[in-house]
Amino acid sequence: MPDIAGNIDNWEETLAARYPAPVADAKSKAAYRDYRAEARPSVKEFYRLNHTQQTFDFVNQKRGEYLPKQKRRMGIWEAMEFLNTLVDDSDPDTDLSQIEHLMQTAEAIRRDGHPRWFILTGLIHDLGKILCLFGEPQWAVVGDTFPVGCAHSDKIVFAEFFEGNPDAANPRYQTSCGVYVPNCGLGKVNLSWGHDEYLYHVVKDYLPEPALYMIRYHSFYPWHKEEQYEHLTDAHDREMLKWVRAFNPYDLYSKTAVRPDVAALTPYYQELIGEFFPAQIDW
Ligand SMILES: [Fe+2]
């Protein structure tokens, strides 16, 4: 496996190792245990950077920078081609391109007979990774997301690294609700900055509500897998959780070494994009 520092896809490979496809329970638990024991130094370093630098102030600064959406105007397909210029320096001959990854996820959803908006969500869910091309470091683009401004759950992977986060020394941010009101709803909670939240704001006017939850919270493993932070959710979040969970297996297990036929699939996906999105949107 190539080094995580050089490959945007490596965090997702670590997720699949951490949350293996449900086969035998005992086996899954063993895999989880091994994951921590065998995590390579580069993986630990990724989480150390992420957990120490994603502070309440950092997230607010990035929200101020990106949420006005004044970086670019481009269509969804154009954004896919832009993301595709993100070349993994580790092993370009065997790694699939970003468009191939996106199509694999969408095709797996399509094969299972889900609605068109669900297929489209699979296609676009990682487009927020263009943050890398705007110069953001990987720890501010990928990684499990978690709330900032309140106590860090000890169920977050490598939670011990939060000791080095300046927010851990601020009592205001270290109660279970921190700066938030109990059951205020996740929409009012700032999560660590990354590709989920950015893309949510880019597409929020164009897709149905379950799609927006899938996009906004697909990396929020502490909530949808570890069942943490329920005291910050409202009834609507709890209703939408089933959609976030319905999406997760496609995110985790659809990326195989088999190359999709991009040229043959392009007309289908361009038509699907046109069904929901105008020619250009703000990024
Ligand atoms: Fe993602």
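Every chain's residues receive numbers from 1 upward, in the order its sequence appears when written. Since the coordinates come from a predicted model, pLDDT governs what is reported: local features require at least 70, and pairs of side-chain atoms require 80 or more to be given and counted, while whole-chain, interface and lining totals use all residues. In computing side-chain properties, one takes all heavy atoms of the structure into account and sets aside hydrogens as well as water.

*Asks:* Can you tell me about the packing of aromatic side chains, naming the residues and giving the values?
*Replies:* Paired rings are identified among Phe, Tyr and Trp, the last through its six-membered ring, by centres lying within 6.5 Å, and are further divided according to the angle between planes into stacked (under 30 degrees), edge-to-face (over 60) and tilted (the rest). Applying the stated criterion to the full structure yields 23 aromatic pairs. For the pair Tyr 268 and Tyr 269, a centre-to-centre distance of 4.7 Å together with 85 degrees between the ring planes defines the contact as edge-to-face. Only protein chains enter the area calculation, which uses a 1.4 Å probe; residues under 20% of their type maximum are buried, those over 50% are exposed, and those in between are partly exposed. Relative accessible area serves as the criterion here: at 0%, Tyr 269 is assigned to the buried category. In this analysis the charged atom, NZ for Lys or CZ for Arg, is taken to sit over a ring once it is within 6 Å of the ring centre and within 35 degrees of the ring normal. For Lys 71, the ring lying beneath its charged end belongs to Tyr 66, and the centroid distance is 4.9 Å. If you follow Arg 110 out to its NZ or CZ, it ends over the ring of Tyr 268, 3.6 Å from the centre.

*Asks:* Account for the coordination of the iron ion, naming residues and giving values.
*Replies:* Keep in mind that water is not among the atoms, so a site may look incomplete; donors are the N, O and S atoms within 2.8 Å of the metal, or 3.2 Å for Na, K and Ca. Only Asp 126 (OD), His 195 (NE2) and His 218 (NE2) from the protein coordinate the iron ion, and they sit 2.0 to 2.2 Å from it. Given a relative accessible area of 0%, His 195 falls into the buried group. Using a relative accessible area of 2% as the deciding quantity, one classes His 218 as buried.

*Asks:* So what's going on with the confidence of the model for the chain? Which residues, and what values?
*Replies:* Confidence along the chain averages 91 in pLDDT terms, with 89% of residues attaining 70 or more. Counting contacts from residues 1–5, a segment whose pLDDT is below 50, to residues more than four positions away or on other chains yields 17 contacts. pLDDT runs from 0 to 100 and stands for how confident the predictor is about each residue. For this analysis, residues touch if any pair of their heavy atoms sits within 4.5 Å.

*Asks:* Before we move on, can you summarise empty space enclosed by the protein with the specific residues and values?
*Replies:* Detection works on a 1 Å grid of protein atoms alone, calling trapped sets that fit a 1.4 Å probe cavities and calling open sets with protein on both sides within 12 Å along at least five of seven lines pockets, with lining residues defined by an atom within 4 Å of a point. Grid points are joined across faces, edges and corners, and a volume is the space filled by probe spheres set on the points. Taken as a whole, this structure holds two cavities of 30 Å³ or more when the rule is applied. Of the volumes computed, that of the largest cavity is approximately 40 Å³. In this structure, the largest cavity is lined by Asp 9, Glu 12, Gln 98, His 101, Leu 102, His 125, Asp 126, Lys 129 and Lys 255. Ranked by residue count, the leading element in the lining of the largest cavity is helix H6 (residues 98–111), at three residues. Three classes are used, and their members are as follows: Ala, Val, Leu, Ile, Met, Phe, Trp, Tyr, Cys and Pro are nonpolar, Asp, Glu, Lys and Arg are charged, and the others, Gly among them, are polar. Residues that form the lining of the largest cavity fall into these classes: one nonpolar, three polar and five charged. Secondary structure is summarised from DSSP: a helix means a run of H or I of at least four residues, a strand means a run of E of at least two, and numbering begins at the N terminus for each.

*Asks:* Quick rundown of the pattern of salt bridges? Include the residues and the values.
*Replies:* Just to be clear on terms, a salt bridge is a Lys or Arg side-chain nitrogen sitting within 4 Å of an Asp or Glu carboxyl oxygen. All chains considered together, the criterion is met by 17 salt bridges. Residue Lys 71 is joined to Glu 65 by a salt bridge in which the shortest nitrogen-to-oxygen separation is 3.4 Å. Its relative accessible area of 37% is what places Lys 71 among the partly exposed residues. Since its relative accessible area comes to 33%, Glu 65 is described here as partly exposed. The residue Lys 242 makes a salt bridge to Glu 239 at a minimum N-O spacing of 2.5 Å. Within this pair, Lys 242 and its partner Glu 239 are both found in helix H11 (residues 235–253), separated by three residues, close to a single helical turn. For Lys 242, a relative accessible area of 45% gives the class partly exposed. Overall, the relative accessible area of 43% leaves Glu 239 in the partly exposed class. Among the charged side chains, a network of salt bridges with common partners joins Glu 12, Asp 126, Lys 129, Asp 251 and Lys 255.

*Asks:* Go over the layout of surface pockets with me, naming the residues and quoting the values.
*Replies:* There is about 270 Å³ of room inside the largest pocket. Together, 13 residues line the largest pocket, and Asp 9, Glu 13, His 101, Lys 255 and Thr 256 are the ones closest to its centre. At the level of secondary structure, the elements contributing two or more residues to the lining of the largest pocket comprise helix H1 (10–18) and H11. In terms of residue class, the lining of the largest pocket is built from four nonpolar, three polar and six charged.

*Asks:* Residue-level account of helix H8 (residues 195–203), with values.
*Replies:* For H8, the buried fraction is high: nine of the nine residues fall into the buried class. Restricting attention to buried positions, one finds in H8 the residues His 195, Asp 196, Glu 197, Tyr 198, Leu 199, Tyr 200, His 201, Val 202 and Val 203. Where H8 is buried, its residues meet H1, helix H4 (56–66), helix H7 (116–124), helix H9 (209–217) and strand E2 (281–282).

*Asks:* Tell me about the nonpolar core, and name the residues and values.
*Replies:* Among buried residues, those of type Ala, Val, Leu, Ile, Met, Phe, Trp, Tyr and Cys that are joined through side-chain atoms within 4.5 Å constitute a nonpolar core. Counting 89 residues, the largest nonpolar core has Leu 123, Ile 124, Leu 127, Tyr 269 and Trp 283 as its most contacted members. Beyond its immediate sequence surroundings of up to four residues, Ile 124 is in contact with Ile 76, Leu 199, Val 203, Leu 207, Ile 215 and Phe 277.

*Asks:* Lay out the packing of H1 against helix H3 (residues 41–53) in plain terms, naming residues and giving numbers.
*Replies:* Viewed as axis vectors pointing N to C, H1 and H3 meet at an angle of 105 degrees, and their least axial separation amounts to 11 Å. Relative to H3, the element H1 is oriented roughly perpendicular. Contact residues: Trp 11, Thr 14 and Arg 18 in H1; Val 43, Phe 46 and Tyr 47 in H3. Looking at side-chain class alone, the contact of H1 with H3 contains four nonpolar, one polar and one charged residues. Angular values range over 0 to 180 degrees, each being the angle between N-to-C directions of two axes fitted as lines to C-alpha atoms, with helices fitted over their stretch in contact. Roughly parallel refers to an angle under 35 degrees, roughly antiparallel to one over 145, roughly perpendicular to one between 65 and 115, and oblique to any angle outside these ranges.

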